[in-house]
Amino acid sequence: MSEQEPRVLAIILGGGKGTRLYPLTKERSKPAVSFGGKYRIVDIPISNCINSGYKKIYLLTQFNSASLHLHISNTYNFDRFSGGFVEILAAEQTLEHSGWYEGTADAVRKNFIHFKTQKPTHYIILSGDQLYKMDLKAFMNEHIRSGAEVTIATTAVNRHDASGFGIMKIDENNRVREFMEKPKPDQNIDDWKIPAEARGALPPEKEYLASMGIYIFNADTMEEVLSGENEKYTDFGKEVLPLAIGKKKINSYIFDGYWEDIGTIRSFYDANLALCEPYPTFDFYGETQPIYTHMRNLPPSKINKAEINKSLTSEGCIITEAKLNKSVIGVRSIISEGTELNGVIMMGADYYDPEDEKLENIKKGKPITGIGKNCKIANTIIDKNAMIGDNCKIGISGKKYEDGDHGSFYSADGIIVIRKGAIIPPGTEI
């Protein structure tokens with residue numbers, strides 16, 4: 001490596017309790033939630049790093065991290081010559097710090113002792129719950145070329161969407177001049193529009209710049225903005241960066257590709273089903289920017305006379321005389337005769353039922369792992385290892401449930417969520 005080449009450390013923020021993704025986050029952290037049938041959400045930012053040549057990656061998390069640890073240790077093993085690693089740093093008690101991570105900046109600050117051993121010249125800060133493909137090397141090259149101390153990745157949004165984000169005001173040279181957190185829908189922000197010189201080929205209706213929560217810091221700048229009198233500030237987006245504007249050279253890097261925050265049940269559901277389109281905006285089918293995940297060595301899926309339309313099926317499934325429309329089917333999914341799925345995310349299973357146990361359950365009329373016969377299911381997320389008996393009807397009655405816990409299932413944003421490991425008796429109607 002030449003002296004001029006930056007030494008980049010990637011830091012992926014695992015997020016908090018993931019309450020907006022509950023109950024998918026009841027037993028796992030947000031980054032460990034299954035996505036696209038065979039992946040985990042965390043595979044997206046890690047793959048962006050690897051594809052960009054950045055293989056020194058820390059993942060900061062503190063809630064329900066056991067399954068995340070298992071996934072990371074089983075998946076990302078670099079050879080000893082690359083010098084690469086993906087390492088989880090869970091919140092820990094030390095002589096200096098005794099509490100949990102209190103925010104994004106606080107999580108980074110508490111781990112400087114680990115980061116400094118790598119002697120980085122730059123940090124890339126990424127979010128653990130976003131869906132996008134970005135050439136982080138191009139992002140880094142632009143940061144270095146501009147002479148900025150901090151660069152914030154931004155995406156162009158229309159006025160309606162601007163109210164849900166932190167908005168940047170930039171000049172014609174992409175220098176960030178002001179920051180505003182979630183402007184009210186009726187607030188006049190016309191003078192925050194993107195300057196014509198910086199617009200490039202952006203769609204005309206997208207006139208404002210929203211922060212993506214993705215940053216590059218020069219290493220010395222990062223230490224400076226998190227230390228001293230700034231130690232009381234815990235969040236990058238709400239406190240640290242807005243206060244640094246005007247004191248540090250902070251630039252915007254406008255990303256014009258697909259980007260989606262998948263932090264809620266509705267956005268998670270929609271982002272999964274969007275993968276089923278013939279030409280999805282986020283595409284797993286590409287040679288140049290693959291998404292990596294755990295290699296399970298499962299058998300091919302077995303399809304016994306099924307009608308499948310606009311759907312994804314993962315490895316190790318057995319689908320028998322079923323109808324699938326716009327659904328995402330996870331690994332080891334068993335779907336039995338006469339069952340119809342429409343707009344269903346089935347996360348699959350961590351195991352196959354032992355044959356003797358399965359036969360015993362069938363004999364007693366109990367559900368086995370997967371979906372039984374003659375079920376009709378729509379507008380539903382089925383978490384892993386669920387057992388759904390024969391003749392169940394879920395999400396097809398049109399009945400509206402209040403958001404929250406309903407015993408055997410959970411309702412969120414109008415979507416039924418069957419819990420991990422749930423047993424739904426035969427004939428159940430939800």
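Residues numbered from 1 in each chain as written. Predicted model: local features only at pLDDT ≥ 70, side-chain atom pairs only at ≥ 80, totals over all residues. Heavy atoms only, no water.

Undergrad: Is there a simple way to think about the state of the cysteines in this case?
TA: Note: disulfide means a covalent bond formed between the sulfur atoms of two cysteine side chains. Counted under the stated rule, the structure contains zero disulfides. For Cys317, which is in no disulfide, the shortest distance to another cysteine sulfur is to Cys276 and amounts to 13 Å. With no disulfide of its own, Cys392 lies 4.6 Å from the sulfur of Cys375, the closest cysteine sulfur. A relative accessible area of 0% places Cys392 in the buried class. (Disulfide = S-S within 2.5 Å. Buried < 20%, exposed > 50% of the residue type's maximum accessible area, 1.4 Å probe, protein only.)

Undergrad: Whenever I open this one, unusual backbone geometry confuses me. Can you help?
TA: Keep in mind that most residues, glycine aside, have a negative phi and that most peptide bonds are trans. Of the consecutive residues Tyr22 and Pro23, the connecting peptide bond is found in the cis state with omega at 10 degrees. Among the structural elements, Pro23 can be located in the loop between β1 (8-13) and β2 (34-35). Even without a glycine there, the phi angle at Lys182 is positive, about 45 degrees. Along the chain, Lys182 turns up in the loop between β10 (176-181) and α7 (196-199). By relative accessible area, which is 46% here, Lys182 ends up partly exposed. Residues other than glycine seldom take positive phi values, yet Lys326 does so here, at roughly 45 degrees. (Helix = DSSP H or I, 4+ residues; strand = E, 2+ residues; numbered from the N terminus.)

Undergrad: I keep staring at the packing of aromatic side chains and nothing clicks. Help me out?
TA: The geometry of an aromatic ring pair is captured by two quantities: the separation of the ring centres and the angle between the planes. Taken as a whole and judged by the stated rule, the model has 17 aromatic pairs. Measuring from centroid to centroid gives 6.3 Å for Phe112 and Phe115, while their planes differ by 85 degrees, and the two rings are edge-to-face. Taken as a pair, Phe112 and Phe115 lie in helix α4 (residues 112-115) at a separation of three residues, close to a single helical turn. Residue Phe112 is classed as buried on the basis of its relative accessible area, which comes to 10%. Using a relative accessible area of 0% as the deciding quantity, one classes Phe115 as buried. (Phe/Tyr/Trp six-rings, centres within 6.5 Å; stacked < 30°, edge-to-face > 60°.)

Undergrad: How should I be thinking about the pairing of strand β4 (residues 56-61) in this particular structure?
TA: The side chains of a regular strand alternate, residue by residue, between the two faces of the sheet. Among the six residues of β4, five are classified as buried, and the element is accordingly described as predominantly covered. Sheet topology places β1 next to β4; four bridges connect them, and they run parallel. Counterpart to Leu13 in the pairing with β4 is Leu60. The pairing of β4 with strand β5 (residues 85-90) spans six bridges and is parallel. What sits directly across from Tyr58, in β5, is Glu87. (Pairing = 2+ DSSP bridges.)

Undergrad: Sorry if this is basic, but what is going on with the side chain of Asn48 here?
TA: Among the structural elements, Asn48 can be located in helix α1 (residues 43-51). The class of Asn48 is buried, set by a relative accessible area of 3%. Within the local environment of Asn48, its side chain forms a polar contact with the backbone nitrogen of Met134, the two atoms lying 3.0 Å apart. Ignoring sequence-local partners within four residues, the contact set of Asn48 consists of Tyr132, Lys133, Met134 and Leu136. (Polar contact = N/O pair within 3.5 Å; in protein donor to acceptor, adjacent residues only side chain to side chain. Contact = heavy atoms within 4.5 Å.)

Undergrad: How do you make sense of helix α2 (residues 66-75) when you look at a structure like this?
TA: Three or four residues apart is the spacing at which side chains of an α-helix point the same way, because the helix has 3.6 residues per turn. Along α2, the positions that sit buried rather than exposed are Leu68, His71, Ile72 and Thr75. Seen end-on, α2 carries its buried residues on one side only, within an arc spanning 95 degrees. Of the exposed residues in α2, those oriented more than 90 degrees away from the buried face are Ala66 and Leu70. In this fold, the buried residues of α2 make contact with β3 (39-40), α1, β4 and β5. (Arc of directions from axis to C-beta.)

Undergrad: Looking at this structure, I do not really get the nonpolar core. What am I missing?
TA: As a rule of thumb, soluble globular proteins bury nonpolar side chains together. Ranked by size, the top nonpolar core spans 38 residues in total, and within it Leu60, Val108, Phe115, Ile125 and Phe236 carry the most contacts. Ignoring anything within four residues of it in the chain, the contact list for Phe236 reads Thr104, Ala105, Val108, Ile125, Tyr215, Phe217, Met222, Leu226, Leu241 and Pro242. Counting residues in each nonpolar core, the second largest holds 30 residues, with Cys49, Leu68, Met134 and Tyr253 among its members. (Core = buried A, V, L, I, M, F, W, Y, C linked by side-chain atoms within 4.5 Å.)

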